[in-house]
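Breakdown of the fold
Below, each chain spelled out in residue letters.
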Amino acid sequence: KSRKTANPAADSSPKLGADKHQDEATSKKKLSVKAAKEHSIPKDLNKVLENKAMETVLDLSHVKLSVVEMTCSGDADSEGIVSKSVSSHSDLIPGVYEGGLKIWECTFDLMNYFSEAEIEFTNKTVLDLGCGAGLLGIVALRGKADRVHFQDYNSTVIDEITLPNVVANCINEGRRMGSGKDRKASKPPSKRPRKAEGSPDMLNRCRFFSGEWSQVSQLLLSSNKPFSKYDIILTCETIYNPDYYSALHDTLAQLLDKNGCVYLASKVHYFGVGGGIYLFEKFIEEKNVFRTSMVKTIDQGLQRCIMEIAFKDAC
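Residues numbered from 1 in each chain as written. Predicted model: local features only at pLDDT ≥ 70, side-chain atom pairs only at ≥ 80, totals over all residues. Heavy atoms only, no water.

Looking at an unreviewed UniProt entry, the protein chain carries the name protein-histidine N-methyltransferase, with the source organism given as Oreocharis arfaki. Taken verbatim from the UniProt record of the protein chain, the Sequence similarities (unreviewed entry) comment is "Belongs to the methyltransferase superfamily. METTL18 family." (UniProt positions renumbered as here; feature names shortened; annotations may be inferred.)

This is how it looks when you write it as structure tokens:
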């Protein structure tokens, strides 16, 4: 089954391939030792976009995955996730590769919700958690967020997908998308690499992290760099595996500002891995830390939902 990246109508149910029967204990062990790392932004932004072909969706530029698959074969990908994903025909390999090479369906649901609900990012601190392509964080950045941090499990995803996408959307040529309801329809794909003409002010508001959630939380909270908790945390299709619920819940509890808000988009159920929006909602209720609200349901194809999460004692 071929990938259908950046296609909101695509069947985006995870395909676990040969690895779906991987021993659970081994998976958890691998997950726990995935150390956190902050990725620096290269001074030469043209290097970031070198050998990258760009496409456009909803007026946002993103790296063309097929080109990444060609350029990251072999030693170019230190984690080996590109070749493993391609060879196993799998979008998820638990504890090894967590789907960040693909733009998942619910990303577009949440982007549309930002417009409909007129979500305000101005002067906010935002975390794009499990960011993959980073489109949600880029929308927040374009919406004049004060700071936007991007996190993905895999360092290859940050270096080869997220960072190039942020750079491509921050350069002068890319300043097309308004925030919220001003967004225009997508334009035909542009496959030529762009030159980074520079918007250092936008990039200076960004930080990039890879690693398992608890490790990233520890890195942020123990860092010498100034850190304030997030006003808004955005996350899409990160609750497909119930084994990860505890780590995700703890990360949200540690990093969200006391009056902050999480916007989580998910399918009702993920076949083959067992997670889903109502299972995570029940998990949250049992923990008794957050209150939740289903703010939107999408009934096209497999039902999808957007959940708003905030602390129970928030104003």
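From this point, the discussion proceeds with the structure in view.
So, on to the overall build of the protein chain. The secondary structure content of the protein chain amounts to 11 helices and 10 strands. The contacts in the protein chain between residues at least 6 apart in sequence include a share of 74% that link residues at least 24 apart. Total accessible area computed for the protein chain in this model is approximately 13,700 Å², and 48% of it derives from carbon and sulfur atoms. (Helix = DSSP H or I, 4+ residues; strand = E, 2+ residues; numbered from the N terminus. Contact = heavy atoms within 4.5 Å. Areas by Shrake-Rupley, 256 points an atom, 1.4 Å probe, with all protein chains shown as cover.)

The next point concerns the pairing of strand β8 (residues 256-267). Burial analysis of β8 places 9 of its 12 residues in the buried class, which makes it a mostly covered element. Relative to β8, strand β7 (residues 230-236) runs parallel, the two being bridged by 6 bridges. Bridge pairing in β8 places I232 opposite C261. With helix α10 (residues 245-255) bridging β7 and the parallel β8, this β-α-β connection has right-handed handedness. The sheet contact formed by β8 and strand β10 (residues 304-311) spans 6 bridges and is antiparallel. Among the inter-strand pairings, L264 is bridged to a residue of β10, identified as M307. (Buried < 20%, exposed > 50% of the residue type's maximum accessible area, 1.4 Å probe, protein only. Pairing = 2+ DSSP bridges. Right-handed = clockwise from strand over helix to strand, strands pointing away.)

Of all residues in the protein chain, 78% have pLDDT values of 70 or greater, and the mean over the chain is 81. A low-confidence stretch, residues 1-12 (pLDDT under 50), is modelled with 26 contacts involving residues beyond four sequence positions or located in other chains. Segment residues 17-32: pLDDT under 50, and 20 contacts once partners within four positions in sequence are set aside and those in other chains are kept. (pLDDT = per-residue confidence, 0-100.)

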